[in-house]
Structures are given as structure tokens and as C-alpha cells.
Amino acid sequence: NCHNKCARRYTLERRRSWYSCYSCCRQRKKTFRSSPSSPPPLIAFTIVMVFVVRVSHVASSRAISRAAGSVSASSASIQLRPAQSRSYSTTRASQKRAWDPSLDTYKYWNRETSVKGEASLVLEMSPDSIQKEARILCLAAEDDDANAPLTESRLPFGSSLLHVGTQPSDFDDSLVDVNPNVLFVSPSCPHARLQVPLMVAKFPSIEWIHVRSAGIDFLESDDLPRIAKRGIHLTNAKGQFSSSLAEYVMTACGYFAKDIPRLLSQKGAKRWDAFDIEELRGKTMGIVGYGDIGRATAKLASVYGMRVVALRRNPEKSVQDEVCDEVLGTGKLALQKLMSLSDYVVCSAPSTVETRGMVNADAFKAAKPNQVFINLGRGPVIDEGALIESLKNGTLRGAALDVFATEPLPDDSELWDLQNVLLSPHNMDKTSTFMHEATEFFVGENLPRFILGDGLLNHVDAQKGY
């Protein structure tokens, strides 16, 4: 149907290579420059999509009509169709790997490799594919500009934003009768870990909670697993921040391999003193927490000619990964082995009950001589006192730290004064658009899937915390 809901079908005329609905949307006609005999790829793809979707819907609707009889056209404004099983990948089964997003068991988003807008296109070309309407509540600060794609832009057909607030009292009681079914949670919401359970209690119709960040530790509470057990889906923005953090890792490696502090010191002293540097090629990078950030880092490290050893809960998922040379399971002995093998260790593990303090004094004692430790996951995963001691006594060559146990880092922290530490204020993924892109993922990728009744991307295990 036309975007202006005039109930008229799009008309596709290949000879003239344009489509419109001939009435209220005629002014929105889209013109393509192409020869009459060779329509552009978009037109060809549109023809196929419309044909497949229409045929499947006609067949299903006829079956329903035979079973349940005819339904009056005035009984509903939108006729919902039975859920269709949709596939958004053309990768052959023989080509799939354990980490391949096209696998049913790996439904995670990555802004570099995932195909954008497939579900949105299906919804746009066939609005009658809607399985349910999305009625959205937003927990966020009013001045959170990163939510603009949700609060100020045109939302997908079949969705609506009901209200924005920071606590349940900001949402009128009358909204209960509207049956809101989606809760969007921004990190800008104060005390979000307390507000989310209260919102779910006030609006029991909520089916899906989406978090606008990759980490959900700011939502962690005893109530969160209980909410998930009620059948409410929990998703996050995993895959939006990986590339910038991977670039930071390689910058940190080069910082120590080329001894940038010495170069800056010599420049300041106007001293010309040539010295030997190191190559990254042939070195081993150990990655603690081989998720989306870990794998993005491994891809860059492999390009540099580094060997990659990874630590993850389910090592079998990476046994065929071409950028990972060795995969270890979790546990104290596995971590110590990784520390003993690695010239550079990258910690990208999330902060959970199981991971807090995981990299402790015993792990640092097992570190390979001259090792550099890089932390960009969460500060509490590291025993900060043991890290400082290892940096002072020479167990570690240096450290690059973007996250800390306490943020902002206190003025009295010894990390400020250590010359072998590269510090950044938890901003190595903070591009000018990174949070806007996280909201765009919700609006453009997951929201259409919810409306179409398809599987959501980036499911989070509330019990594990990631």
C-alpha cells in the first residue's frame, strides 16, 4: 500500500521504470535512469520482493478464509497475516562458519558485515505483512539528543512512540489501556536499574526491552532475571561500537611497540637519539572475552600478522574462525595459559557477577615477560590493585586503559602517575555519531523485525549479563 495509507497499491511500470500509486502519492514518484529493456537492480529486486510476498500472503489468506470464513472488511483497520518464516541471508550452508551471523544460533548485529535494512524493506514494500503493532515507551533523559532517530524521525509503519520519561510516574496511567509492548532504555535514564522493574510492573503488556548500549551492567539487579523469565525479550546495541574500539587496540599496541613516550620525550628535549623498535608482526595477541569487540580486534590483529589466542565461554563457536588461531575455554587455568602466551592482552569481557575481579594477581603473575595489558571492556573485571602492582614491579611492560573500577578515575589513583600507562576517559568508542547509530539500529533493524514477527537481533541473557 502507499506510504500515505490511501489504500491503493503501488503500480510498477517497467517500460517507464517508475512506480507510484497514481493518487495522493503521485508527487512522490521516484524516477530511475535506465534503458527500457534493462531496469536497474533496485527495480528488479522490488519486482521479486513484491511477487514473493504477495503470492505467499494470498495463499495464506485463502487458507484462512476457507477455515474461518470471510471476515468483514470493516472489522479491523489492519489485517494481520500469519507469521512467515523469513530468511535475510543467501549464504549457502556449506559456506557458514560458527561465527557466521547467518546462522540461526548467531543472530547478532555488526555494522561492518551485516546487511542493512532488509527487514525495513520487507515492511515498506509489503505493509500488510505486519504481525503486531509496536507501541513504544522510552526511558531516557529529555535532553538526550542521541534518541533523535526515535523521537524526531519517521518510525517504521506499524509503530508509534507513546511517551518519553525517566520514571514510571512520568507516564500517564491511561497508557495502560493502550497496551504498550516495547520499552526502549537509554543509559541517560537515572537509576535505570530501579526504573525498569517498576515500568514492567506498571505496564504488564511489555514484551520487549531494548537497551541502547552494548553493556547492560547499568540495569543489573535481582529483578532483571525474573523479568526475562516472564518471557520478555531483552536486546542491546551490540555490534555498533566494535570497529572504533578495535582501532584503539591497535593504536595502543603501536604506542608501546614504537615507544611513543620516548619519542615525545626526545622531541621535547630536542634530542636526536635513534633506537630500536618492535614489530607487531609475529607477536601474539590474547583476547579475554571473544565477542563482537574481541573478534573485530582479532581481524585487525591478523592483518598486522599477529597470532590470536582467544578466551570465551563457548570455544566451539570459534573453532573454524579464520582470524583466531587458538580458542580456550573459561576458567582460572585457561586465563593463566592465555596470559603466559600473549605479548599483548586485550580484555573486552563484560562486567557480570562471574567476571568481576577475574583478572587478578594470579593472572598477572602468569603474564609473559614484557607484556602489555589493554582493558576496554569494563573496569571491575580487573583487580586494579594487582594491576598497579604489576606495572610498578615490572611484571607488565605497560597498560592501556579506557575503563576503570571507579569512573571518573579518582585524583589520588596511582595510575595517573605511572609513566608506563596510557589513559583515556572511557571515550575510545565515543565518535560523534556512535549513540545516534545505536538508536538507528533499534529503529531501522530490530523494530521492523518485531513488527513483522521475525526473530530479534542481539538477544541478551539476563542471567549472564551479556
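Our structure's up above, just so we're on the same page.
Below, the structure is looked at part by part. Starting from 1, residues in each chain are numbered consecutively following that chain's sequence as written. Selection of residues for local features in this predicted model requires a pLDDT of at least 70, selection of side-chain atom pairs for listing and counting requires 80 or more, and totals for whole chains, interfaces and linings are taken over all residues. With hydrogens and water set aside, each side-chain value is computed from the structure's full complement of heavy atoms.

**Focus on the pairing of strand S6 (residues 182-185)**
Then, number 1: Of the two faces of S6, the one carrying Val182 and Phe184 and the one carrying Leu183 and Val185 are both buried.
Then, number 2: For two strands to count as paired, DSSP must find a minimum of two bridges between them. Secondary structure follows DSSP: runs of H or I at least 4 residues long count as helices, runs of E at least 2 residues long count as strands, and numbering of each begins at the N terminus. In the sheet, strand S4 (residues 134-139) pairs with S6 via 4 bridges, with the strands oriented parallel. Directly across from Cys138, in S6, lies its bridge partner Phe184.
Then, number 3: Bridge count between S6 and strand S7 (residues 208-211): 4 bridges; the pairing is parallel. Bridged to Val182 within S7 is Trp208. Buried, partly exposed and exposed residues are distinguished by accessible area as a fraction of the type maximum, computed with a 1.4 Å probe on protein chains only: under 20%, between the cut-offs, and over 50%, respectively.

**Remarks on the sheet that holds S4**
Then, number 1: As summarised here, the arrangement of the 5 strands in space is S5-S4-S6-S7-S8, forming an open sheet in which the pairing is parallel. Edge positions in the open sheet fall to strand S5 (159-165) and strand S8 (233-235), since each of these has one partner strand only. Sheet twist, expressed as the mean angle between neighbouring strand axes with direction ignored, is 20°.
Then, number 2: Taken together, the 3 bridges between S7 and S8 define a ladder with parallel strand orientation. If you follow Ile209 over to S8, its bridge partner there is Leu234.
Then, number 3: Should any heavy atoms of two residues lie within 4.5 Å, those residues are counted as being in contact. Only the stretch in contact is used when fitting a helix axis, every axis being a line fitted to C-alpha atoms; angles between N-to-C directions are given from 0 to 180 degrees. Strand contacts of helix H12 (residues 434-452): S4, S5, S6, S7 and S8, with the helix running at about 160° to S7, the strand carrying the most contacts.

**Some words on the environment of Arg449**
Then, number 1: One can find Arg449 in helix H12.
Then, number 2: Taking the C-alpha atoms as reference points, Arg449 and Glu118, separated by 331 residues in sequence, lie 9.4 Å from one another.
Then, number 3: Within polar-contact distance, the side chain of Arg449 engages the backbone oxygen of Gly455 at 3.1 Å. Any N or O atom pair separated by 3.5 Å or less is treated as a polar contact, with the protein-specific requirement of one donor-capable and one acceptor-capable atom, and with residues adjacent in sequence counted only for side-chain atom pairs.

**A word on the nonpolar core**
Then, number 1: Only buried residues count toward a nonpolar core, which is a set of Ala, Val, Leu, Ile, Met, Phe, Trp, Tyr and Cys residues joined through side-chain atoms within 4.5 Å. If you look at the biggest cluster of nonpolar residues, it comprises 30 residues, and the most contacted ones within it are Phe364, Phe373, Leu387 and Leu415.
Then, number 2: Those elements giving two or more residues to this core turn out to be strand S10 (307-311), helix H9 (332-341), strand S12 (344-347), helix H10 (361-365), helix H11 (384-392) and strand S14 (396-401).
Then, number 3: Aside from chain neighbours lying at most four places away, what touches Leu387 is Phe364, Phe373, Ile382, Leu396, Ala399 and Leu401.
Then, number 4: Core analysis: the next-biggest nonpolar cluster, separate from the first, contains 26 residues, Met285, Met306, Val323 and Cys324 among them.

**Things to note about the packing of helix H2 (residues 118-125) against H12**
In a pair of packed helices, the angle between the axes and the distance between the axes together describe the arrangement.
Then, number 1: Contact geometry of H2 with H12 gives a least axis separation of 7 Å together with a crossing angle of 50°. Judged by the angle between their axes, H2 and H12 are oblique. The element H2 and its partner H12 pack so that their crossing is left-handed. Contact residues: Ala119, Ser120, Val122 and Leu123 in H2; Gly444, Glu445, Pro448, Arg449, Ile451 and Leu452 in H12.
Then, number 2: Among the residues making up the contact of H2 with H12, the classes are represented as 6 nonpolar, 2 polar and 2 charged. Every angle not falling under 35 degrees, over 145, or within 65 to 115 is termed oblique; those three ranges are roughly parallel, roughly antiparallel and roughly perpendicular. Crossings are assigned a handedness: left-handed for a near helix turned anticlockwise from the far helix by less than a right angle, right-handed for a clockwise turn. Charged means Asp, Glu, Lys or Arg here, nonpolar means Ala, Val, Leu, Ile, Met, Phe, Trp, Tyr, Cys or Pro, and polar covers whatever is left, Gly included.

**As for the packing of aromatic side chains**
Then, number 1: Working definition: a ring pair exists when centres of Phe, Tyr or Trp rings (six-membered ring for Trp) sit within 6.5 Å. Plane angles under 30 degrees give stacked, over 60 give edge-to-face, the rest tilted. Under the counting rule described, the total for this entry stands at 8 aromatic pairs.
Then, number 2: When the centroid spacing of 4.8 Å and the interplanar angle of 50° are considered together, the rings of Phe184 and Phe442 count as tilted. One end of the pair, Phe184, is in strand S6; the other, Phe442, is in helix H12, with 258 residues separating them in the sequence. With respect to burial, Phe184 and Phe442 carry one shared label: buried.
Then, number 3: Feature note: the residues Phe184, Trp208, Phe442 and Phe450 constitute an aromatic cluster, connected by ring pairs.

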